[in-house]
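A closer look at the structure
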Amino acid sequence: MTLAVSDFEHICRVVREESGIVLEAGKEYLVEARLAPVLRERNLASYAELAAELRTKPRGPLTVAVVEAMTTNETTFFRDVTPFEVLRTKVLPELFAARPNGPLTLWSAACSSGQEAYSVAMMLRENFDDASRARVEIIGTDIDAKVLARAREGRYSQIEVNRGLPAAYLLRYFAKDGMHWVLREDVRRQVEFRAMNFVGEWRGAPFADVILLRNVLIYFDQPTRQRIVSRMERQLNRGGYLMLGSTESLQDVDTRFDRVELGRGVVYRLPG
Amino acid sequence: MRILVIDDSRAIRGILRRMLTEIGAEVAEAEHGGKALEVCAASAPFDLALVDWNMPEVDGLTFVRTVRANPRYAGMKLMMVTTETEVHQVETALAAGANEYLMKPFGKDEVLGKLQLLGLG
């Protein structure tokens with residue numbers, strides 16, 4: 001089953017309009033791989049049939065399913081390790097000291113199934129006292145309602161808990177349920193998950209002291225990256241930090257952020 | 001980085017060897033815990049051993065306990081790589097001195113993620 005050029009272009013247009021994510025020529029394999037399960041679930045015989053339905057029912061459930069399939073990204077617990085070290089040793093101690101009484105909000109943007117947000121929650125439990133931990137509110141947002149429902153459940157497959165999660169944390173924070181592992185309720189309660197789309201009104205976007213926007217900007221074109229970063233400046237409290245993926249930077253956007261090297265990591269600080 | 005892969009399955013040893021060689025590790029193999037102890041005794045210290053649990057002659061848990069009882073191997077990190085996935089088994093392995101635990105089946109991402117956690121990535 002192949003994907004015709006016109007159908008590929010239409011699917012790209014739909015994904016771009018709905019999510020801002022840019023799929024360039026050459027990503028046909030990705031579209032085919034991601035949409036094959038959608039074809040099966042919806043009993044569609046071909047990509048041509050799928051594209052035809054997108055054309056005739058542009059606001060229908062298939063559009064939602066296609067956007068969800070194309071925007072869902074695999075993630076891992078403690079991805080890249082270093083950002084969590086930087087948070088633990090530099091960013092959080094500084095913010096706790098700078099805001100001695102106030103709450104701190106940490107935003108895991110494009111959080112997918114919640115591993116990043118929950119990694120922060122576990123890291124707080126391991127390294128900070130109850131009083132400090134209670135001051136931190138963690139919010140995860142994603143465009144995809146299906147992954148948010150999974151995130152709220154905190155239920156992960158064996159393959160998922162194999163990825164980046166220290167075995168000691170698996171024992172301390174998870175209970176085994178058949179072939180799955182379920183995160184303890186008190187850890188889950190520290191994270192609130194909300195639906196939010198980077199394209200649109202940003203309804204549900206929190207004001208935060210730390211924004212984890214890791215491996216997200218790479219999916220957008222330059223004008224969209226500029227819009228997202230400018231908006232993030234407004235969502236971040238003064239003196240707050242933006243953290244990007246290990247291969248990303250703010251090189252091609254105009255921004256007030258200062259690039260700061262902290263230990264082995266790079267963060268972007270909004271002037272205080 | 002020197003890594004000892006201990007597994008009675010030649011296929012698993014081969015898969016791990018390929019993944020680890022790709023990231024520049026020097027890899028040695030043993031088909032059970034007894035052979036692994038011989039290899040350790042006869043060579044320069046390893047940074048890490050990947051240890052299957054169920055093996056003939058000397059099993060992985062016995063290997064872990066033996067290594068942890070010998071100060072000569074204090075610097076060697078140990079990660080179980082096993083089909084055993086029950087909570088009490090993970091607890092037993094960590095209590096015996098394993099630093100990490102990887103459940104089979106695994107892929108390259110899972111192995112490299114665990115190496116990062118061990119400070120070897």
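Each remark here, short or long, concerns the structure printed above.
Details of the layout of surface pockets
The space that makes up the largest pocket amounts to roughly 780 Å³. What lines the largest pocket is a set of 37 residues, and nearest its centre among them are Asn73, Glu74, Thr75, Arg79 and Asn215 of chain A. For the lining of the largest pocket, the secondary-structure elements that each account for two or more residues are β1 (104-109) and β2 (136-142) of chain A together with α5 (108-117) of chain B. Broken down by element, the residue count for the lining of the largest pocket peaks at four residues, all from α5 of chain B. Empty space within the second largest pocket amounts to approximately 420 Å³. As for the second largest pocket, its lining consists of 21 residues, of which Glu68, Thr72, Asp144, Val147 and Arg150 of chain A are closest to the centre. Those elements that provide at least two residues to the lining of the second largest pocket are α2 (28-41), α4 (61-71) and α8 (145-153) of chain A. When residues of the lining of the second largest pocket are assigned to their parent elements, the largest contribution, five residues, is made by α2 of chain A. Of the residues assigned to the lining of the second largest pocket, the class counts are six nonpolar, six polar and nine charged. Of the residues that make up the lining of the second largest pocket, three or more belong to each of domain 1 (5-70) and domain 2 (82-269) of chain A.

Observations regarding the packing of aromatic side chains
If you walk through the whole model with that rule in mind, you get eleven aromatic pairs over all chains. The ring of phenylalanine 46 of chain B has arginine 2 of chain B lying over it, and the distance from NZ or CZ to the ring centre is 4.4 Å.

What about the interface of chain B and chain A?
At the interface, 16 residues of chain B touch 16 residues of chain A. The contact between chain B and chain A buries some 1,400 Å² in all, and 62% of this surface belongs to carbon and sulfur atoms. Considering only the surface of chain B that becomes buried against chain A, Met103, Glu110 and Leu117 of chain B emerge as the three largest contributors, covering 34% of it. Taken together, chain B and chain A are joined by two salt bridges. The partner of arginine 163 of chain A in a salt bridge is glutamate 110 of chain B, with the nearest N and O atoms 2.5 Å apart. For the pair chain B and chain A, the number of links is seven residue pairs in polar contact (both at pLDDT 80 or more). Listing elements by their share of the side of chain B that touches chain A, those giving two or more residues are α4 (87-96), β5 (100-103) and α5 of chain B.

What about the pairing of strand β9 (residues 258-262) of chain A?
Sheet analysis places β9 of chain A next to strand β10 (residues 265-269) of chain A, joined by five bridges and oriented antiparallel. Within β10 of chain A, the position partnered with glutamate 261 of chain A by the bridge is valine 266 of chain A.

Quick notes on the sheet that holds strand β4 (residues 174-177) of chain A
Residue and element names in this part refer to chain A. Taken in spatial order, the three strands of this open sheet run β3-β5-β4, and their pairing is antiparallel. Only two strands of the sheet have a single neighbouring strand rather than two, namely β3 (155-157) and β4. If you compare each strand with its neighbour and ignore which way they point, the axes differ by 30 degrees on average.

Analysis parameters
- Residues numbered from 1 in each chain as written.
- Chains lettered and ligands numbered in written order.
- Predicted model: local features only at pLDDT ≥ 70, side-chain atom pairs only at ≥ 80, totals over all residues.
- Heavy atoms only, no water.
- 1 Å grid on protein atoms, 1.4 Å probe; cavity = no way out; pocket = protein on both sides within 12 Å on 5 of 7 lines; lining within 4 Å.
- Points joined across faces, edges and corners; volume = space filled by probe spheres on them.
- Helix = DSSP H or I, 4+ residues; strand = E, 2+ residues; numbered from the N terminus.
- Nonpolar A, V, L, I, M, F, W, Y, C, P; charged D, E, K, R; others polar.
- Domains from an automatic or database assignment.
- Phe/Tyr/Trp six-rings, centres within 6.5 Å; stacked < 30°, edge-to-face > 60°.
- Lys NZ or Arg CZ within 6 Å of the ring centre and 35° of its normal.
- Contact = heavy atoms within 4.5 Å.
- Buried area = accessible area lost by both parts, 1.4 Å probe.
- Salt bridge = Lys/Arg side-chain N within 4 Å of Asp/Glu carboxyl O.
- Polar contact = N/O pair within 3.5 Å; in protein donor to acceptor, adjacent residues only side chain to side chain.
- Pairing = 2+ DSSP bridges.
- Axes fitted to C-alpha atoms, helices over the stretch in contact; angles between N-to-C directions.

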